[in-house]
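Reading the structure
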Amino acid sequence: MRRAEIITALILGLFSLYFMWKSGEPPSWNPDVGRFNNIGFDDSGTPGGGFWPFWLGMIMFGCCLWIGVNWFLKKSPASKSTEPFLDEFGKKNLFAVSFGLLSFLILIHVIGFYGAILVFLIYYIRFVGRHSWSATLGISLAIPILGFFFFDVAMRIVLPKGYSEPLFIPLYDLFL
Amino acid sequence: MEIVSALFDGIYVALEPVNLGLAIIGVVVGLFVGAMPGLGSVNGVAILLPFTFVIQNFTGGATSPMIFLAAVYYGAMYGGAISSIALGIPGASTAVATTFDGRPLALKGKAHVALMTAAIASFVGATVANILFTGFAPVLASVALNFGNPEIFALMLLAFATFAGLGGDDFPKTIFSICFGLALSAVGFDIISGEPRLIFFDIQGFSHGIRFLVLAIGIYGIGEMLWTINASKNKTTMTSVEINFQSMTAALLRFKEALKGTTIGSFLGFFIGILPAAGATPASLMGYGITKMASRNPEQFGKGALDGVAAPEAANNSASTGAMLPMMTLGIPGSPTTAVLLAGMVIWGLDPGPLLFSEQPDFVWPLIGSFYVSNLVALIVNLAFIPIFLWMLRMPFTILSPIIFVLSLVGTYAAYMNMFDVWLMVLVGFGGFFMRMLDYPVAPAVLAIVLGPIAEPALRQTLMQYETFTIFFTRPIAAPITIAAIILILLPGLKFLLKKINK
């Protein structure tokens, strides 16, 4: 946990610096303006577009330094902890969920939302949760069907169908 | 006396069978739309707006269509709390603050208490707002108009100051979270100069900004679920509630523990609701923060305090009525939903503005009467549906959690029709999980994202107009708010110094 605390502070500190750098970016249509020209007031007393985010980034960076000092002095609970950041269950579980969600997201682009929901629910309920096939199939089929009637038919929010689009055309003819 | 008589006439019209039927249908539809992650009152009202033309053809006036939409609005405001408490995913941005304490209560097996508290607090908040609306509409509209940019920024500063108390003991992490939320809200186009800014790694998806619901659903739908799975080792059956007359009566009696939050939320929510560009989401978040500050047991917040459920629910319902006030009296909508309602009023042939009350009393008073009726209908429907909401919680966690993941993804897509936001939401969820594991308070970040788009233009326009920071200390309304905010920000430091001196 102690190592995770300082690594996170480091990553967030770097993000804060990147944020400050991006805040000072000149407008793309005017390359003559120098970087960081927009973080203060212009001649007419108007604060530039980078004013607000730059100084926020500065405070964020200051906070990361403060967190680092607290870590060094072992003042925060995480910096004192000798517990691992993730135990064996945590690692296994994080992998199972990450794999499932990543596959879900990719499948949306291929077979659309409803197909991806079906596959994801079968994976999670049957293989992660180890429930019976009847429960798995019952829930995995019911949710996309209810989803279609709620979103596509009732709310007129058409979810992406990917390559499964032709399968839905008869349903559109019937319900829309 | 004239007002009371007009109000009773209005309630009488709102109770006519057609109008009452429309109010009941509107509330039920709104309840389900509000409970669905990603969809809020604005979606419900916008989607159902075309149906009101059919209603207008049938009834022949603008009153019934408006009663229907107002009922959808009320139903959706009540509904947002359901998924916040039962599933841990905010149904709408207005219900994010309800998740902070509603979810821990559900995990402790007190979901019925949380749902009942949310329903009653919503009812009280909306009733207080209705009374204030009825009695003081023109006066309050003029007070709200006196709030210029310095006052609005001072109010935001006060809200950020209360956020500092929302985190744990780790002050730098809390401040980091606030600034992180504010920084993320600045991504996209600079609304003053029109320049694109902070387009990370030149990915064009960032040009429309990082939307609030993407972050809220990511943090609470994905991040919190990952955290709960990790903490509970997948063994959590969310709650085992016995639903019977005794348990429901006991839950009802516990409402007295939520009186302070309900009172603060009701009055604060109404006032925030009146302010242009504020609305129910900032109201609920500020209601939560101020109730925590005023509480004798602030350490209980985030762990299942009833005041923490009541305050945001009372505030968001109160604010939703408050937001109608500038819409009806000045023709200025106070929230996105009221903007759609305003469009509806114009389409139905009305002219919202200062003359509406005097020229269209046959429309105004039945509408105000319908606020009271819809509010009561929403309470009854909500209480009647509690057993169904609790049924969701009895599912094994390994079934409930994938359903929540699915709802989070579908809800995010439904809100913005954009796959970039869905990917970003999942990424934010994992980030939220790691931050939660290391005790970075996520609530202040979520709150800051809401207020960022209001605070930044208010500050910059103030500086453009007055060219000095001292303006915040010289204007009669802005000065006391700014000073109170600074004292609150310095409070942890002062406490630390006092401790040192005492030692």
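Residues numbered from 1 in each chain as written. Chains lettered and ligands numbered in written order. Predicted model: local features only at pLDDT ≥ 70, side-chain atom pairs only at ≥ 80, totals over all residues. Heavy atoms only, no water.

Another point: the overall build of chain A. Within chain A, the secondary structure is distributed over 6 helices and 0 strands. Along chain A, helices (α) and strands (β) appear in the sequence α-α-α-α-α-α when read from the amino end. Its C-alpha atoms put chain A at 65 × 50 × 25 Å along the principal axes. Expressed as a percentage of its 176 residues, the buried residues of chain A come to 45%. Considering only residue pairs separated by 6 or more positions, chain A has 46% of its internal contacts joining residues 24 or more positions apart. Here chain A contributes 13 positive and 11 negative side-chain charges, whose respective centroids are spaced 15 Å apart. (Helix = DSSP H or I, 4+ residues; strand = E, 2+ residues; numbered from the N terminus. Buried < 20%, exposed > 50% of the residue type's maximum accessible area, 1.4 Å probe, protein only. Contact = heavy atoms within 4.5 Å. Lys, Arg positive; Asp, Glu negative; His and termini not counted. Charge placed at Lys NZ, Arg CZ, Asp CG, Glu CD.)

On domain assignment, one finds that chain A holds domain 1 (2–80) and domain 2 (88–175). Relative placement of domain 1 of chain A and domain 2 of chain A: their C-alpha centres are 40 Å apart. (Domains from an automatic or database assignment.)

Once that is clear, we can look at the state of the cysteines. Taken as a whole, this structure holds 0 disulfides over all chains when the rule is applied. Here A:Cys64 stays free of any disulfide, with the sulfur of A:Cys63 as its closest cysteine sulfur at 6.9 Å. Here A:Cys64 falls in the buried class, since its relative accessible area comes to 7%. The closest cysteine sulfur to the non-disulfide-bonded B:Cys179 is located on A:Cys63, 5.8 Å from its own sulfur. (Disulfide = S-S within 2.5 Å.)

Facing the 68 residues of chain A at the interface are 64 residues of chain B. Of the roughly 6,000 Å² buried at the junction of chain A and chain B (both faces included), carbon and sulfur atoms supply 81%. Three residues stand out in chain A for area buried against chain B, namely A:Trp52, A:Phe85 and A:Leu105, and they jointly supply 12% of the buried area on that side. Summed over the shared surface of chain A and chain B, the number is 2 salt bridges. Between B:Lys173 and A:Glu5 there is a salt bridge; the shortest N-O distance is 3.0 Å. For the side of chain A that touches chain B, the secondary structure elements donating two or more residues are helix H1 (2–23), helix H2 (51–72), helix H3 (77–80), helix H4 (88–128) and helix H5 (133–154) of chain A. When residues of the side of chain A that touches chain B are assigned to their parent elements, the largest contribution, 19 residues, is made by H4(A). (Buried area = accessible area lost by both parts, 1.4 Å probe. Salt bridge = Lys/Arg side-chain N within 4 Å of Asp/Glu carboxyl O.)

Before going further, it helps to examine the nonpolar core. One finds A:Leu101, A:Phe104, A:Phe113, B:Phe100, B:Met345, B:Phe405 and B:Leu409 to be the most contacted residues of the largest nonpolar core, which totals 221 residues. Take this core: its biggest share by element is 16 residues, from H4(A). Counting residues domain by domain, this core receives three or more from each of domain 1 (2–80) and domain 2 (88–175) of chain A. Ignoring anything within four residues of it in the chain, the contact list for A:Phe104 reads A:Phe113, A:Ala116, A:Ile117, A:Phe120, B:Val406 and B:Leu409. (Core = buried A, V, L, I, M, F, W, Y, C linked by side-chain atoms within 4.5 Å.)

Turning next to a positive patch on the surface. Residues A:Lys75, B:Lys495, B:Lys499, B:Lys500 and B:Lys503 make up a contiguous surface patch of positive charge. Relative to the elements of secondary structure, B:Lys503 occurs in the segment after helix H22 (478–502). Residue classification places B:Lys503 among the exposed positions, given a relative accessible area of 89%. (Patch = residues over 30% accessible without salt bridge, like charges linked within 9 Å, V, L, I, M, F, W, Y side chains within 5 Å. Areas by Shrake-Rupley, 256 points an atom, 1.4 Å probe, with all protein chains shown as cover.)

Turning our attention to H22(B). All names here are of chain B. The terminal C-alpha atoms of H22, which comprises 25 residues, lie 35 Å apart, in line with the 36 Å expected from a rise of 1.5 Å per residue. Most pronounced at Leu491, the bend in H22 amounts to some 45 degrees, and the proline Pro492 follows within four residues. Listing the buried residues of H22 in full gives Ala478, Ala479, Ile481, Thr482, Ala485 and Leu488. (Expected span 1.5 Å × (residues − 1). Bend = angle between axes of the 7 residues up to and from the residue.)

The next subject is the packing of helix H5 (residues 96–107) of chain B against helix H12 (residues 280–294) of chain B. In a pair of packed helices, the angle between the axes and the distance between the axes together describe the arrangement. Residue and element names in this part refer to chain B. At a minimum axis distance of 7 Å, the contact between H5 and H12 shows a crossing angle of 40 degrees. Between H5 and H12, the angle falls in the class oblique. In this structure, H5 uses Ala97, Phe100 and Asp101 to contact H12, whose residues at the interface are Ser284, Leu285 and Tyr288. For the contact of H5 with H12, the residue count by class is 4 nonpolar, 1 polar and 1 charged. (Axes fitted to C-alpha atoms, helices over the stretch in contact; angles between N-to-C directions. Parallel < 35°, antiparallel > 145°, perpendicular 65-115°, else oblique. Nonpolar A, V, L, I, M, F, W, Y, C, P; charged D, E, K, R; others polar.)

Now for helix H1 (residues 2–14) of chain B. Residue and element names in this part refer to chain B. Helix length check: H1, at 13 residues, gives a terminal C-alpha distance of 18 Å against a target of 18 Å (1.5 Å per residue), a fit within 8%. Turning to H1, its buried residues number three or more, namely Ala6, Leu7, Gly10, Ile11 and Ala14. Down the axis of H1, the sector holding all buried residues measures 140 degrees, keeping them to one side. The exposed residues of H1 that point more than 90 degrees off its buried face are Glu2, Phe8 and Tyr12. (Arc of directions from axis to C-beta.)

What follows deals with the packing of aromatic side chains. Scanning the model with the defined rule gives 37 aromatic pairs over all chains in all. Aromatic pair A:Phe127 and A:Trp133: ring centres 6.1 Å apart, planes at 85 degrees, arrangement edge-to-face. A relative accessible area of 49% means that A:Phe127 is categorised as partly exposed. Judged by its relative accessible area of 42%, A:Trp133 falls in the partly exposed class. Chaining the aromatic ring pairs together yields one cluster made of A:Phe15, A:Tyr18, A:Phe19, B:Phe176, B:Phe180, B:Phe200, B:Phe201, B:Phe206, B:Phe420 and B:Tyr440. For A:Arg35, the ring lying beneath its charged end belongs to A:Trp21, and the centroid distance is 3.7 Å. Cation over ring: B:Arg436 sits above B:Trp227, and NZ or CZ is 3.7 Å from the ring centre. (Phe/Tyr/Trp six-rings, centres within 6.5 Å; stacked < 30°, edge-to-face > 60°. Lys NZ or Arg CZ within 6 Å of the ring centre and 35° of its normal.)

Moving on, we come to the environment of B:Gly432. Structurally, the position occupied by B:Gly432 is in helix H19 (residues 419–437). Taking the C-alpha atoms as reference, B:Gly432 lies 45 Å from B:Ser64; in sequence the two are 368 residues apart.

The subject of this paragraph is the pattern of salt bridges. Under the definition given, this model contains 12 salt bridges over all chains. Between A:Lys22 and B:Asp202 there is a salt bridge, with its nearest N and O atoms 3.9 Å apart. With A:Lys22 in helix H1 and B:Asp202 in the loop between strand E2 (196–197) and helix H9 (212–232), this pair bridges two chains. Accessibility expressed as a relative area gives 5% for A:Lys22, which makes it buried. Among the charged side chains, a salt-bridge network with shared partners connects A:Lys22, A:Glu25, A:Arg35 and B:Asp202.

Turning to the side chain of B:Ser122, a few remarks are in order. Residue and element names in this part refer to chain B. Looking at the secondary structure, you find Ser122 in helix H6 (residues 111–145). Owing to a relative accessible area of 1%, Ser122 belongs among the buried residues under this scheme. For Ser122, the side chain forms a polar contact with the side chain of Asn317, separated by 3.1 Å. Among residues more than four places away in sequence, those in contact with Ser122 are Tyr78, Glu313, Ala314, Asn317 and Asn375. (Polar contact = N/O pair within 3.5 Å; in protein donor to acceptor, adjacent residues only side chain to side chain.)

Residues and elements named next belong to chain B. Residues Phe473, Ile483, Ile486, Ile487, Ile489, Leu490, Leu491, Leu494, Leu497, Leu498 and Ile501 make up a contiguous nonpolar surface patch of about 990 Å² in total accessible area. The biggest single contributor to the nonpolar patch is H22, with 10 residues. With respect to the helices and strands, Leu498 occurs in helix H22. For Leu498, a relative accessible area of 53% translates into the label exposed.

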